[in-house]
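Okay, here's what each chain looks like letter by letter:
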Amino acid sequence: MLLTLEGLDGSGKTTAWEALQATYPDATFTHEPTDTWYGEAVRRSLGDDDTDPLSDLFLFTADHADHLSRVVRPALADGDVVISDRYTDSRYAYQAASLADTEIRRPLEYVRGIHGAFTREPDATIYLDVDPETAAARAGATDKFERVSFLAEVQSNYERLIDAEPERFVRVDASRSPEEVIDAVEDTVERLIDAFHGDDADD
Ligand SMILES: Nc1ncnc2c1ncn2[C@@H]1O[C@H](COP(=O)(O)OP(=O)(O)O)[C@@H](O)[C@H]1O
Ligand SMILES: Cc1cn([C@H]2C[C@H](O)[C@@H](COP(=O)(O)OP(=O)(O)O)O2)c(=O)[nH]c1=O
């Protein structure tokens, strides 16, 4: 089963993902950007304010392709629960926002289309919902994607993704205290895993 955590920078994904590691010691915990040299290239681009948005898309997508073949698919093949801090929806939401002023028409559909041929969609996605002002303040607004106006575009893309697939997403109010957010995420993960195994048993 593949579970992903998504949300704006500073929404608390990493805090929740770290807390889950104690509860699910046998699960495979992973993240995008990854720690490989592909991920290093992505982080280098994040530190540069003047990159080409299409180049960024393909850098992030290369990192994802490597992540899929090296970590996600093998772990799923072993029957593991995989919990990823960011995954495909980050590209759909962030790169679609940064491609908005380019020659690419319908960027969100374009970015989804690129992934369609090869990716493995998550079984469920927890969306940590926080407003762009809170997100930017928590994240420290240190890189090019952490500005309030940009995060507002990203947020509206996430909302479009949730509208398109409401059954895949679980929204958690991430404006609350870290303890409350962690509790809500833990309860949700427990429910999702139980439901997934229930589905298996029905097969
Ligand atoms: N619910 C919360 N309320 C206030 N601050 C938080 C909350 N969750 C996380 N933080 C703080 O906000 C910053 C970003 O949190 P993090 O978990 O790294 O978010 P993300 O991975 O979504 O960017 C960290 O300094 C963290 O301690
Ligand atoms: C995985 C991914 C991340 N990003 C962005 C979101 C973040 O601004 C940045 C780094 O991700 P991350 O390290 O998860 O940042 P944070 O913990 O602040 O949420 O990369 C994309 O634009 N596209 C992607 O596909």
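It should be noted that the structure appears before, not after, this text.
Residues numbered from 1 in each chain as written. Chains lettered and ligands numbered in written order. Predicted model: local features only at pLDDT ≥ 70, side-chain atom pairs only at ≥ 80, totals over all residues. Heavy atoms only, no water.

> Which residues make up the nonpolar core, and what are the values?
Counting 49 residues, the largest nonpolar core has L3, Y94, V185 and V189 as its most contacted members. Setting aside residues no more than four positions away along its own chain, Y94 makes contact with G7, L8, D9, R86, F145, F150, L151, V154 and Y158. Of all hydrophobic cores here, the second largest spans seven residues; its members include L2, L68, V72 and Y87. (Core = buried A, V, L, I, M, F, W, Y, C linked by side-chain atoms within 4.5 Å. Buried < 20%, exposed > 50% of the residue type's maximum accessible area, 1.4 Å probe, protein only. Contact = heavy atoms within 4.5 Å.)

> Tell me about the sheet that holds strand β1 (residues 2-7), residues and numbers included.
Read across the sheet, five strands follow the order β2-β3-β1-β4-β5 without closing on themselves; strand pairing throughout is parallel. Of all the strands in the sheet, just β2 (28-31) and β5 (169-173) have a single pairing partner and so form its edges. Between one strand axis and the next, the sheet turns through 20 degrees on average, direction left out of account. Two elements, β2 and strand β3 (residues 82-85), share four bridges in a ladder whose sense is parallel. (Pairing = 2+ DSSP bridges. Helix = DSSP H or I, 4+ residues; strand = E, 2+ residues; numbered from the N terminus. Axes fitted to C-alpha atoms, helices over the stretch in contact; angles between N-to-C directions.)

> Describe empty space enclosed by the protein, and please don't skip the residues or the numbers.
On inspection of all chains with the given rule, the structure shows one cavity of 30 Å³ or more. In this structure, the largest cavity occupies an estimated 30 Å³ of space. Counting residues per element, the lining of the largest cavity draws most heavily on β1, which supplies three residues. (1 Å grid on protein atoms, 1.4 Å probe; cavity = no way out; pocket = protein on both sides within 12 Å on 5 of 7 lines; lining within 4 Å. Points joined across faces, edges and corners; volume = space filled by probe spheres on them.)

> I'd like a rundown of the side chain of D63, residues and numbers included.
Within the element layout of this structure, D63 appears in helix α3 (residues 53-77). No salt bridge is formed by the buried D63; its nearest oppositely charged neighbour, R70, is found at 5.9 Å. There is a polar contact of 2.5 Å between the side chain of D63 and the side chain of T34. Residues contacting D63, with those up to four places away along its chain left out, are P33, T34, T36, Y38, G39 and V42. (Lys, Arg positive; Asp, Glu negative; His and termini not counted. Salt bridge = Lys/Arg side-chain N within 4 Å of Asp/Glu carboxyl O. Polar contact = N/O pair within 3.5 Å; in protein donor to acceptor, adjacent residues only side chain to side chain.)

> Help me get a handle on the packing of aromatic side chains, residues and values and all.
Where two aromatic rings form a pair, the distance of their centres and the angle of their planes describe that pair. Under the counting rule described, the total for this entry stands at eight aromatic pairs. Where F145 meets F150, the ring centres are 5.0 Å apart and the plane angle is 15 degrees; that geometry is what we call stacked. For the pair formed by F145 and F150, the shared burial category is buried. The structure contains a cluster of three or more aromatic residues connected by ring pairs, namely F60, Y94, Y127, F145, F150 and Y158. (Phe/Tyr/Trp six-rings, centres within 6.5 Å; stacked < 30°, edge-to-face > 60°.)

> How would you summarise the site of ligand 2 if you had to cite specific residues and measurements?
The local shell around ligand 2 holds 15 residues, among which D9, K13, R86, R91 and Q95 are the closest. The separation between an oxygen atom of ligand 2 and a polar side-chain atom of R43 is 3.5 Å. In the complex, the protein chains occlude 88% of the 540 Å² of accessible area that ligand 2 would expose alone. Taking a 2 Å distance to the grid points as the criterion, the majority of the atoms of ligand 2 fall inside the largest pocket. Taken together, the elements giving at least two residues each to the shell around ligand 2 come down to α1 (13-23), α2 (37-46) and α4 (88-98). Element by element, the count of residues in the shell around ligand 2 is highest for α4, at four residues. Tallied by class, residues from the shell around ligand 2 come to five nonpolar, three polar and seven charged. (Near = heavy atom within 4 Å. Areas by Shrake-Rupley, 256 points an atom, 1.4 Å probe, with all protein chains shown as cover. Sits in = over half its atoms within 2 Å of the grid points. Nonpolar A, V, L, I, M, F, W, Y, C, P; charged D, E, K, R; others polar.)

> Could you give an account of the site of ligand 1, with specific residues and numbers?
Neighbouring residues of ligand 1: 13 residues in total, closest G10, K13, T14, T15 and R176. A distance of 2.5 Å separates an oxygen atom of ligand 1 from a polar atom in the side chain of T15. R176 is positioned such that a nitrogen or oxygen atom in its backbone is 2.9 Å from a nitrogen atom of ligand 1. When the free accessible area of ligand 1 is taken as 560 Å², the share hidden by the protein chains comes to 64%. For the shell around ligand 1, the secondary-structure elements that each account for two or more residues are α1 and α8 (178-202). Among the elements that make up the shell around ligand 1, the one with the highest residue count is α1 (three residues). Of the residues contributing to the shell around ligand 1, the split by class is three nonpolar, six polar and four charged.

> A description of the pattern of salt bridges should follow, citing residues and the corresponding values.
What the rule picks out here adds up to 12 salt bridges. The salt bridge partner of D9 is R86, with a shortest N-O separation of 3.8 Å. Pair noted here: D9 is in the loop between β1 and α1 and R86 is in the loop between β3 and α4, with a separation of 77 residues, a long-range link. Like D9, the residue R86 is buried in the burial classification. If you follow the salt bridges from partner to partner, you end up with D89, R112, E121, E165 and R168 in one network.

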